[in-house]
Amino acid sequence: MNESGNSPPAMVPNKGKFMIQDLENMRKFVGVPIVQPSDFMGTIIAKGSLNAQRLLTAVNLSNPSLTEELTRQLYLRVWSRDEDITESDSLREAAAAAGVSTAVIDDALNKLKDAAVKKQLKATTDEALEYGAFGAPTIVVHKNGTPQLFFGSDRMELIAWYIGEKYEGPLKELSKVTSSKL
(Lines give C-alpha, C1' and ligand atoms only; values in the text may rest on other atoms or scores of the structure.)
Protein backbone atom coordinates (compact mmCIF):
# COMPACT_ATOMS: atom_id res chain seq x y z
CA MET A 1 0.00 0.00 0.00
CA ASN A 2 2.82 2.39 0.86
CA GLU A 3 4.58 1.90 -2.46
CA SER A 4 1.40 2.81 -4.37
CA GLY A 5 0.99 6.08 -2.48
CA ASN A 6 -2.30 4.92 -0.94
CA SER A 7 -3.26 5.30 2.72
CA PRO A 8 -5.11 2.77 4.85
CA PRO A 9 -8.83 3.52 5.20
CA ALA A 10 -8.44 4.14 8.93
CA MET A 11 -6.16 7.11 8.18
CA VAL A 12 -9.18 8.95 6.75
CA PRO A 13 -11.66 9.48 9.63
CA ASN A 14 -14.85 8.93 7.63
CA LYS A 15 -13.41 5.84 5.93
CA GLY A 16 -12.37 4.48 9.33
CA LYS A 17 -15.90 4.88 10.70
CA PHE A 18 -17.37 3.35 7.55
CA MET A 19 -14.96 0.41 7.69
CA ILE A 20 -16.18 -0.66 11.13
CA GLN A 21 -19.78 -1.06 9.91
CA ASP A 22 -18.67 -2.44 6.55
CA LEU A 23 -16.63 -5.20 8.24
CA GLU A 24 -19.65 -6.13 10.35
CA ASN A 25 -21.87 -6.32 7.27
CA MET A 26 -19.27 -8.39 5.42
CA ARG A 27 -18.92 -10.75 8.38
CA LYS A 28 -22.65 -11.43 8.34
CA PHE A 29 -22.91 -11.66 4.56
CA VAL A 30 -20.03 -14.04 3.81
CA GLY A 31 -20.05 -15.95 7.08
CA VAL A 32 -16.39 -15.31 7.78
CA PRO A 33 -15.50 -14.32 11.34
CA ILE A 34 -14.17 -10.78 10.94
CA VAL A 35 -13.37 -8.72 14.02
CA GLN A 36 -11.45 -5.47 13.78
CA PRO A 37 -8.28 -5.56 15.92
CA SER A 38 -8.78 -3.81 19.28
CA ASP A 39 -5.71 -1.62 18.62
CA PHE A 40 -6.13 -1.14 14.88
CA MET A 41 -3.51 1.60 14.55
CA GLY A 42 -0.94 -0.32 16.58
CA THR A 43 -1.63 -3.68 14.97
CA ILE A 44 -2.15 -2.75 11.34
CA ILE A 45 -0.34 0.56 10.94
CA ALA A 46 2.54 0.52 13.44
CA LYS A 47 3.42 -3.19 13.59
CA GLY A 48 2.38 -4.04 10.05
CA SER A 49 2.76 -7.44 8.48
CA LEU A 50 6.30 -7.55 7.06
CA ASN A 51 7.38 -10.58 9.10
CA ALA A 52 4.19 -12.43 8.14
CA GLN A 53 4.77 -11.57 4.48
CA ARG A 54 8.34 -12.82 4.73
CA LEU A 55 7.19 -16.02 6.43
CA LEU A 56 4.64 -16.63 3.67
CA THR A 57 7.32 -15.95 1.07
CA ALA A 58 9.84 -18.29 2.72
CA VAL A 59 7.26 -21.08 3.01
CA ASN A 60 6.03 -20.50 -0.54
CA LEU A 61 9.57 -20.78 -1.92
CA SER A 62 10.06 -24.24 -0.41
CA ASN A 63 6.52 -25.60 0.10
CA PRO A 64 3.96 -23.71 -2.01
CA SER A 65 1.18 -26.16 -1.16
CA LEU A 66 1.25 -24.84 2.43
CA THR A 67 0.84 -21.16 1.52
CA GLU A 68 -2.95 -21.00 1.28
CA GLU A 69 -3.64 -22.46 4.73
CA LEU A 70 -0.82 -20.43 6.30
CA THR A 71 -2.32 -17.28 4.78
CA ARG A 72 -5.69 -18.24 6.26
CA GLN A 73 -4.21 -18.81 9.72
CA LEU A 74 -2.37 -15.49 9.71
CA TYR A 75 -5.57 -13.73 8.60
CA LEU A 76 -7.56 -15.41 11.40
CA ARG A 77 -5.01 -14.35 13.99
CA VAL A 78 -5.37 -10.67 13.09
CA TRP A 79 -8.93 -10.34 11.79
CA SER A 80 -10.80 -12.92 13.88
CA ARG A 81 -8.92 -13.41 17.14
CA ASP A 82 -7.07 -10.09 17.54
CA GLU A 83 -3.71 -11.85 17.87
CA ASP A 84 -0.19 -10.86 16.86
CA ILE A 85 1.47 -11.78 13.53
CA THR A 86 4.80 -10.02 14.02
CA GLU A 87 6.63 -12.00 16.70
CA SER A 88 8.39 -15.30 16.01
CA ASP A 89 6.25 -17.21 18.52
CA SER A 90 3.08 -15.88 16.89
CA LEU A 91 4.29 -16.82 13.42
CA ARG A 92 5.24 -20.27 14.72
CA GLU A 93 1.73 -20.75 16.19
CA ALA A 94 0.06 -19.70 12.93
CA ALA A 95 2.26 -22.03 10.91
CA ALA A 96 1.63 -24.94 13.28
CA ALA A 97 -2.14 -24.31 13.06
CA ALA A 98 -1.76 -24.43 9.27
CA GLY A 99 -0.24 -27.91 9.51
CA VAL A 100 3.31 -26.80 8.69
CA SER A 101 5.93 -29.15 10.15
CA THR A 102 8.32 -27.94 12.82
CA ALA A 103 11.26 -28.39 10.43
CA VAL A 104 9.65 -26.21 7.74
CA ILE A 105 8.63 -23.61 10.34
CA ASP A 106 12.16 -23.44 11.75
CA ASP A 107 13.64 -23.17 8.27
CA ALA A 108 11.22 -20.42 7.23
CA LEU A 109 11.70 -18.41 10.43
CA ASN A 110 15.47 -18.64 10.01
CA LYS A 111 15.10 -17.18 6.51
CA LEU A 112 13.00 -14.09 7.37
CA LYS A 113 16.02 -11.84 6.83
CA ASP A 114 17.62 -13.81 4.00
CA ALA A 115 18.33 -11.91 0.81
CA ALA A 116 16.48 -14.50 -1.31
CA VAL A 117 13.26 -14.10 0.70
CA LYS A 118 13.50 -10.30 0.66
CA LYS A 119 14.20 -10.33 -3.07
CA GLN A 120 11.21 -12.59 -3.81
CA LEU A 121 8.86 -10.52 -1.65
CA LYS A 122 10.02 -7.35 -3.39
CA ALA A 123 9.52 -8.98 -6.79
CA THR A 124 6.01 -10.06 -5.80
CA THR A 125 5.23 -6.55 -4.55
CA ASP A 126 6.67 -4.97 -7.70
CA GLU A 127 4.59 -7.29 -9.87
CA ALA A 128 1.43 -6.29 -7.98
CA LEU A 129 2.32 -2.61 -8.41
CA GLU A 130 2.88 -3.14 -12.13
CA TYR A 131 -0.70 -4.43 -12.37
CA GLY A 132 -1.84 -1.26 -10.57
CA ALA A 133 -2.42 -2.67 -7.08
CA PHE A 134 -2.93 -0.09 -4.35
CA GLY A 135 -4.18 -2.15 -1.43
CA ALA A 136 -5.70 -5.43 -0.38
CA PRO A 137 -7.44 -7.42 -1.54
CA THR A 138 -6.30 -6.94 -5.12
CA ILE A 139 -7.21 -9.68 -7.57
CA VAL A 140 -5.76 -9.93 -11.07
CA VAL A 141 -7.74 -12.00 -13.56
CA HIS A 142 -6.14 -12.97 -16.86
CA LYS A 143 -8.61 -13.28 -19.72
CA ASN A 144 -7.57 -13.79 -23.33
CA GLY A 145 -3.99 -12.92 -22.39
CA THR A 146 -4.98 -9.60 -20.85
CA PRO A 147 -4.77 -8.92 -17.10
CA GLN A 148 -7.69 -7.15 -15.45
CA LEU A 149 -7.38 -5.74 -11.93
CA PHE A 150 -10.20 -5.98 -9.41
CA PHE A 151 -10.11 -4.46 -5.94
CA GLY A 152 -12.15 -5.50 -2.95
CA SER A 153 -13.66 -8.64 -1.56
CA ASP A 154 -17.04 -7.40 -2.81
CA ARG A 155 -15.98 -7.82 -6.46
CA MET A 156 -16.55 -11.56 -6.77
CA GLU A 157 -19.82 -11.10 -8.65
CA LEU A 158 -18.12 -8.72 -11.08
CA ILE A 159 -15.23 -11.17 -11.55
CA ALA A 160 -17.67 -13.99 -12.27
CA TRP A 161 -19.40 -11.83 -14.90
CA TYR A 162 -16.02 -10.90 -16.39
CA ILE A 163 -14.99 -14.53 -16.87
CA GLY A 164 -18.45 -15.64 -17.97
CA GLU A 165 -19.41 -17.61 -14.88
CA LYS A 166 -22.52 -17.52 -12.73
CA TYR A 167 -21.94 -16.07 -9.27
CA GLU A 168 -23.80 -18.02 -6.62
CA GLY A 169 -22.81 -15.84 -3.69
CA PRO A 170 -20.67 -16.77 -0.74
CA LEU A 171 -21.01 -20.50 -0.31
CA LYS A 172 -20.73 -20.73 3.46
CA GLU A 173 -21.08 -24.50 3.35
CA LEU A 174 -17.75 -24.70 1.49
CA SER A 175 -15.86 -22.46 3.91
CA LYS A 176 -12.79 -23.87 5.60
CA VAL A 177 -13.39 -21.43 8.45
CA THR A 178 -16.12 -21.97 11.00
CA SER A 179 -16.89 -20.43 14.33
CA SER A 180 -15.68 -23.65 15.96
CA LYS A 181 -12.17 -22.89 14.64
CA LEU A 182 -12.06 -19.61 16.52
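Residues numbered from 1 in each chain as written. Predicted model: local features only at pLDDT ≥ 70, side-chain atom pairs only at ≥ 80, totals over all residues. Heavy atoms only, no water.

## Describing the packing of helix α5 (residues 88–97) against helix α6 (residues 102–110)
(1) Moving on: Interaxial distance between α5 and α6 falls to 10 Å at its minimum, and their mutual angle equals 145°. Between α5 and α6 lies a crossing of right-handed hand. Residues Ser88, Leu91, Arg92, Ala95 and Ala96 of α5 touch α6, and the partners they reach there are Ile105, Asp106 and Leu109.
(2) Moving on: By residue class, the composition of the contact of α5 with α6 is 5 nonpolar, 1 polar and 2 charged. (Axes fitted to C-alpha atoms, helices over the stretch in contact; angles between N-to-C directions. Helix = DSSP H or I, 4+ residues; strand = E, 2+ residues; numbered from the N terminus. Left-handed = near helix turned anticlockwise from the far one by under 90°. Contact = heavy atoms within 4.5 Å. Nonpolar A, V, L, I, M, F, W, Y, C, P; charged D, E, K, R; others polar.)

## Some words on helix α8 (residues 156–163)
(1) Moving on: For α8, every residue scored as buried is listed here: Ile159, Ala160 and Tyr162. Projection of α8 onto a plane perpendicular to its axis shows the buried side chains occupying an angular sector of 160°, all on one side. For α8, the exposed residues lying more than 90 degrees away from the buried face are Glu157 and Trp161.
(2) Moving on: Residues of α8 that are buried make contact with β1 (138–143) and β2 (146–151). (Buried < 20%, exposed > 50% of the residue type's maximum accessible area, 1.4 Å probe, protein only. Arc of directions from axis to C-beta.)

## Things to note about the packing of aromatic side chains
We describe a pair of aromatic rings using the distance from one ring centre to the other and the angle between the two ring planes.
(1) Moving on: Per the stated rule, a full pass over the model turns up 2 aromatic pairs.
(2) Moving on: Considering the side-chain rings of Phe134 and Phe151, the 4.5 Å spacing of their centres and the 35° angle between planes classify their relative orientation as tilted. With Phe134 in the loop between α7 (115–131) and β1 and Phe151 in strand β2, this residue pair connects regions lying 17 residues apart in the sequence.
(3) Moving on: For Phe134, a relative accessible area of 32% gives the class partly exposed. (Phe/Tyr/Trp six-rings, centres within 6.5 Å; stacked < 30°, edge-to-face > 60°.)

## Focus: unusual backbone geometry
(1) Moving on: Of note, the bond from Ala136 into Pro137 is cis; its omega dihedral lies within 30 degrees of zero at 0°.
(2) Moving on: Within the secondary structure, Pro137 sits in the loop between α7 and β1.
(3) Moving on: Positioned with a positive phi, Asp82 is a non-glycine residue whose angle comes to about 55°.
(4) Moving on: One non-glycine residue with positive phi stands out, namely Asn144, at about 55°.
(5) Moving on: Tracing the backbone shows Asn144 in the loop between β1 and β2.
(6) Moving on: Judged by its relative accessible area of 76%, Asn144 is exposed.

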